[in-house]
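Single-letter residue listing:
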2 protein chains.
Amino acid sequence: MTIGVIGLGLIGGSMAVDLRRRGFADRILGVENDPLHAEAALRIGLADKVVGLDECVEQSDIVVVAVPVGTAVHLVGDILDRFDAAGAADKVVIDTCSTKEEISLATRFHPARRQFVATHPMAGTEYSGPWAAMSGLFDGRACIIADHEESSPKALKAVEELYNVLNMRLIYMSSSSHDVHTAYVSHISHVTSFALALTVLDKEKDEKHIFDLASGGFSSTVRLAKSNADMWEPILIQNRDNVLKVIDTYIEKMRLFRDAIEDFDGPGIRSLIEDANKIKKIIR
Amino acid sequence: MTIGVIGLGLIGGSMAVDLRRRGFADRILGVENDPLHAEAALRIGLADKVVGLDECVEQSDIVVVAVPVGTAVHLVGDILDRFDAAGAADKVVIDTCSTKEEISLATRFHPARRQFVATHPMAGTEYSGPWAAMSGLFDGRACIIADHEESSPKALKAVEELYNVLNMRLIYMSSSSHDVHTAYVSHISHVTSFALALTVLDKEKDEKHIFDLASGGFSSTVRLAKSNADMWEPILIQNRDNVLKVIDTYIEKMRLFRDAIEDFDGPGIRSLIEDANKIKKIIR
């Protein structure tokens, strides 16, 4: 099978590696706007060839759109237009974006909608670009298939096979549920890390050696602040309403801590910490 | 040398393991109020014997106080009283607490002050108790020696040797500088994790499956929320003024994100993220 991968970064590149290595893809065609990324992806061997969008869509059985969500929203529609125009009813396109509602709305009434499967493989690192691609990135992780009833059974089956090869655990839900859930268990973590980095970097302006004492705990809490703006700006805007709601709850919780600390309220602090400790049941 | 370890938990227990294994201690005497911890510490082999405070102080050359900071503040004074009463001018006591200003004030005018060295070995995990103790915990990590000019050169030298055996990188600073620095690079990370856990656990009351999608990023950001209230309640109270200042800056940064997201302000979000990304220079 020929797989077209649009965007040879962390997600697209890692998919390419394992889809080929595990025999699902005979040929990988990459599309990559950034010339340095294109060059690096070829050198690393992520794709057999870097081609234009037309050639990629024409020759691929499954097209994987692995670009930031702002671009993906338009690109999936463009690709469905091409499927439609060419009468290529067997081809399938998937996206891999971290927000699903806007892409779902944008494609909803497209005549070739059933050839599109909206997916979100929930794996990643704080790094990006073709040099961040790695084998095994998806193994054992969750992959959401959103609004699967909007896709044809045949398209769905092809995509389920692809994710089975990547050893992903498939979860089916509506795009709106997806966006609520990810606001809580992914998007807010990024915002809290960004805010933490800004807080400490501000202080570093006066206290040059502030990071000498940075502990492992600090590093793990701030790790996501290395995440890339190209990816996260559109996620935060597309999932605006859910993310705002979570940020507001989060600020309320911070205020509870703040007030208890200000009041020297030991039992209050203790009870907040003990409630937070219940996370142990969930995160091993 | 005989080392007395008061509090056979993560910090005290891990010190005991490596001080013995690396030949610094011939004998470890433990003091442990919790009978289960005492039993487990003996079974695991953290101490040769669990004894009362009197016996420990009488027989040890160096006493390590590794209990939560609220208790440590009084205990160090008690131990200095005993040194003084017994005329034991060669013995040394250290604490290992995460806040240093209050313990420094509490011991400042003690006649045996020079036998006390205030230290903060900056290592740990989110686990606690004797079963969390491990070899190598301190290797390569920073250890702060606070207000070292208040300790006698001899006491200081003994403690420097102890931490050299643990392979720690020694940093000297005043207790007040220590508390400002740790507010930024350790205490705030814990508060942000606690608040994140509370936010998501709240939502879980309505959405049972919210954690199905929890990503590696979420786990790393929320990891510190497993930290123990016995330890963190007194830290947050003792370092109240610094921690409040950091929380306020942090809430301001969250509000900048919130407002940019609310206003669909893409360039604003991007610029906040890019500023936060500067943390890359610092945290590898």
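Counting restarts for each chain, with residues numbered from 1 along the sequence as it is written. Here chains are named by letter from A upward and ligands by number from 1 upward, in the order in which they appear as written. Reporting in this predicted model follows two pLDDT cut-offs: at least 70 for local features of residues, and 80 or more for side-chain atom pairs to be given and counted; totals over whole chains, interfaces and linings ignore these cut-offs and use all residues.

It is not clear to me how the overall build of chain A should be interpreted in this structure. Could you clarify?
Regarding its fold elements, chain A presents eleven helices and eight strands. Counting other C-beta atoms within 10 Å of its own, a residue is labelled buried from 20 upward, exposed at 12 or fewer, and partly exposed in the gap between, with every C-beta atom placed from the backbone. Relative to its full complement of 284 residues, chain A shows a buried share of 54%. Working definition of a contact: two residues with C-beta atoms, positioned from the backbone, lying within 7 Å. Considering only residue pairs separated by 6 or more positions, chain A has 74% of its internal contacts joining residues 24 or more positions apart. Helix and strand assignments come from DSSP, with helices taken as H or I runs of at least 4 residues and strands as E runs of at least 2, each series counted from the N terminus.

What is the right way to read the relation of the copies chain A and chain B from this model?
Here the two chain copies are tied together by a rotation about an axis and a shift along that axis. Mapping chain A onto chain B calls for a screw motion: a turn of 180° about the axis and a shift of 0.0 Å along it, with 0.0 Å RMSD after fitting. With respect to symmetry, the two chain copies, as superposed, fit the operation of a two-fold axis. Minimal C-alpha distance to the rotation axis in chain A is attained by T221 of chain A, lying at 2.2 Å. The copies are overlaid by a least-squares fit using only the C-alpha atoms of residues whose pLDDT is at least 70 in both copies.

Would you mind going over the interface of chain A and chain B with me for this structure?
Much of the literature gives interface size as the accessible area that the parts lose upon coming together. Contact residues are listed per partner, giving 74 residues for chain A and 75 residues for chain B. Within the residue set of the side of chain A that touches chain B, elements represented by two or more residues are α7 (175-204), α8 (216-222), α9 (229-238), α10 (240-262) and α11 (266-276) of chain A. Ranked by residues supplied to the side of chain A that touches chain B, first place goes to α7 of chain A with 21 residues. Charged means Asp, Glu, Lys or Arg here, nonpolar means Ala, Val, Leu, Ile, Met, Phe, Trp, Tyr, Cys or Pro, and polar covers whatever is left, Gly included. Counted by class, the side of chain A that touches chain B contains 43 nonpolar, 16 polar and 15 charged residues.

Explain the domain arrangement of chain A to me, please; I cannot follow it from the model alone.
Residue and element names in this part refer to chain A. Throughout the structure description, domain borders are defined by an automatic or database domain assignment. Considered domain by domain, chain A is made up of domain 1 (2-174) and domain 2 (178-281). Its C-alpha centre places domain 1 at a distance of 31 Å from the equivalent point of domain 2. Residue-level contacts link 15 residues of domain 1 with 15 residues of domain 2. Taken together, the elements giving at least two residues each to the side of domain 1 that touches domain 2 come down to α4 (69-86), α5 (101-107) and β7 (142-146). By residue class, the composition of the side of domain 1 that touches domain 2 is five nonpolar, six polar and four charged.

Any chance you could explain the sheet that holds strand β2 (residues 27-31) of chain A here in plain terms?
Within a sheet, neighbouring strands are paired by backbone hydrogen bonds and run either parallel or antiparallel to one another. Residues and elements named next belong to chain A. Any two strands between which DSSP finds at least two bridges are classified as paired. One open sheet accounts for eight strands, arranged β3-β2-β1-β4-β5-β6-β7-β8; its pairing is mixed. Whereas interior strands pair on both sides, the edge strands pair on one side only; in this sheet they are β3 (49-50) and β8 (169-173). Strand direction decides the pairing type here: strand β4 (residues 62-65) and strand β5 (residues 92-95), joined by four bridges, are parallel. Residue pairing across strands places V64 opposite I94, the latter belonging to β5. Every axis corresponds to a line fitted to the C-alpha atoms, with the helix fit spanning only the stretch in contact, and the corresponding angles, defined between N-to-C directions, vary from 0 to 180 degrees. Sitting on the sheet, α7 touches β6 (116-121), β7 and β8, and the angle it makes with β7 is about 145°.

Teacher, can you tell me more about the packing of α10 of chain A against helix α7 (residues 175-204) of chain B here?
Helix packing for two helices is described by the angle between their axes and how far apart those axes are. Relative orientation of the contacting elements α10 of chain A and α7 of chain B amounts to 125°, with a least axis distance of 9 Å. In this view, α10 of chain A runs oblique relative to α7 of chain B, as classed from their interaxial angle. Considering how the two elements wind past one another, α10 of chain A and α7 of chain B form a crossing that is right-handed. Taken together, the residues of α7 of chain B that come into contact with α10 of chain A (itself represented by V246, T249, Y250, K253, M254 and F257 of chain A) are V191, F194, A195, L196, L198, T199 and D202 of chain B. Its residues assigned to classes, the contact of α10 of chain A with α7 of chain B shows nine nonpolar, two polar and two charged. Should an angle fall under 35 degrees it is called roughly parallel, over 145 degrees roughly antiparallel, and 65 to 115 degrees roughly perpendicular, with every other angle called oblique. Note: crossing handedness is left-handed where the near helix turns anticlockwise from the far helix by less than a right angle, and right-handed where it turns clockwise.

How do you make sense of the sheet that holds strand β6 (residues 116-121) of chain B when you look at a structure like this?
Residue and element names in this part refer to chain B. As summarised here, the arrangement of the eight strands in space is β3-β2-β1-β4-β5-β6-β7-β8, forming an open sheet in which the pairing is mixed. Strands with a single pairing partner mark the edges of an open sheet, and in this sheet they are β3 (49-50) and β8 (169-173). Taken together, the five bridges between strand β1 (residues 2-6) and strand β2 (residues 27-31) define a ladder with parallel strand orientation. Its bridge partner being in β2, V5 is matched across the sheet by G30.

Honestly, α10 of chain A in this entry has me stumped. Any pointers?
The α-helix advances 3.6 residues per turn, and as a result positions three or four apart in sequence lie on the same side. How far a helix is expected to stretch is found by multiplying one less than its residue total by 1.5 Å. With 23 residues, α10 of chain A ought to run about 33 Å at 1.5 Å a step, and its terminal C-alpha atoms sit 32 Å apart, in line with that. Those residues of α10 of chain A lying buried are N242, V243, V246, I247, Y250, K253, M254, F257, A260 and I261 of chain A.

What's the story with the nonpolar core in this structure? I'm lost.
Within soluble globular proteins, side chains that are nonpolar tend to cluster in buried spots. Grouped together as the largest cluster of nonpolar side chains are 193 residues, with contacts concentrated most on V65 of chain A together with V65 of chain B. Among residues more than four places away in sequence, those in contact with V65 of chain A are I6, G7, A72, L75, V76, V93, I94, D95 and T96 of chain A. By our criterion, buried Ala, Val, Leu, Ile, Met, Phe, Trp, Tyr and Cys residues that link up through C-beta atoms within 7 Å make up a nonpolar core.

I'm lost on the environment of F138 of chain A in this one. Help?
Residue and element names in this part refer to chain A. Inspection of the secondary structure puts F138 in the loop between β6 and β7. Each C-alpha atom of the pair F138 and R22 lies 13 Å from the other, and the pair is 116 residues apart in sequence. Not counting residues up to four positions away in its chain, the partners in contact with F138 are S14, D18, P121, A123, L166, N167 and M168.

I'm lost on unusual backbone geometry in this one. Help?
Peptide bonds are mostly trans, and most non-glycine residues show a negative phi. Residues and elements named next belong to chain A. Even without glycine at this site, N167 takes up a positive phi of about 60°. Examined against the element boundaries, N167 turns out to sit in the loop between α6 (153-165) and β8. Taking the number of C-beta atoms within 10 Å as the measure of exposure, N167 has 14 and is therefore partly exposed. A positive phi angle is found at F264, which is not glycine, with a value near 50°. Summarising the element assignment, F264 is placed in the loop between α10 and α11.

Could you clarify how one ought to interpret the packing of α7 of chain A against helix α11 (residues 266-276) of chain B in this entry?
Remark: α7 of chain A packs on α11 of chain B, axes separated minimally by 8 Å, with the N-to-C direction vectors making an angle of 60°. As for the relative orientation of α7 of chain A and α11 of chain B, their crossing is left-handed in sense. Residues F194, A197 and L198 of chain A of α7 of chain A form the contact with α11 of chain B, whose own contacting residues are L272, I273, D275 and A276 of chain B.

Help me understand the pairing of β2 of chain A, please; the structure alone is not making it clear to me.
Here is the key point about a regular strand: its side chains alternate between the two faces of the sheet. Residues and elements named next belong to chain A. Across the five residues that make up β2, a large majority, four, are buried. At this point the chain moves from strand β1 (residues 2-6), through helix α1 (residues 10-21), to the parallel β2, and the crossover so formed is right-handed. With two bridges connecting them, β2 and β3 associate as parallel partners. Directly across from G30, in β3, lies its bridge partner V50. Once you follow β2 into helix α2 (residues 35-44) and on to β3, the crossover reads as right-handed. Handedness of a crossover is defined as follows: with both strands directed away from the viewer, a clockwise route from the first strand across the helix to the second makes it right-handed.

How should I be thinking about the confidence of the model for chain A in this particular structure?
Detailed reading of predicted coordinates is not advised where the pLDDT is low. Values of pLDDT, the confidence the predictor places in each residue, fall between 0 and 100. With 100% of its residues at a pLDDT of 70 or more, chain A has an overall mean of 95. Reported confidences for the modelled complex are a pTM of 0.87 and an ipTM of 0.88.

Just to check I follow, could you spell out the pairing of β8 of chain A for this structure?
Sheet topology places β7 of chain A next to β8 of chain A; five bridges connect them, and they run parallel. In the strand pairing of β8 of chain A, I145 of chain A is matched with Y172 of chain A.

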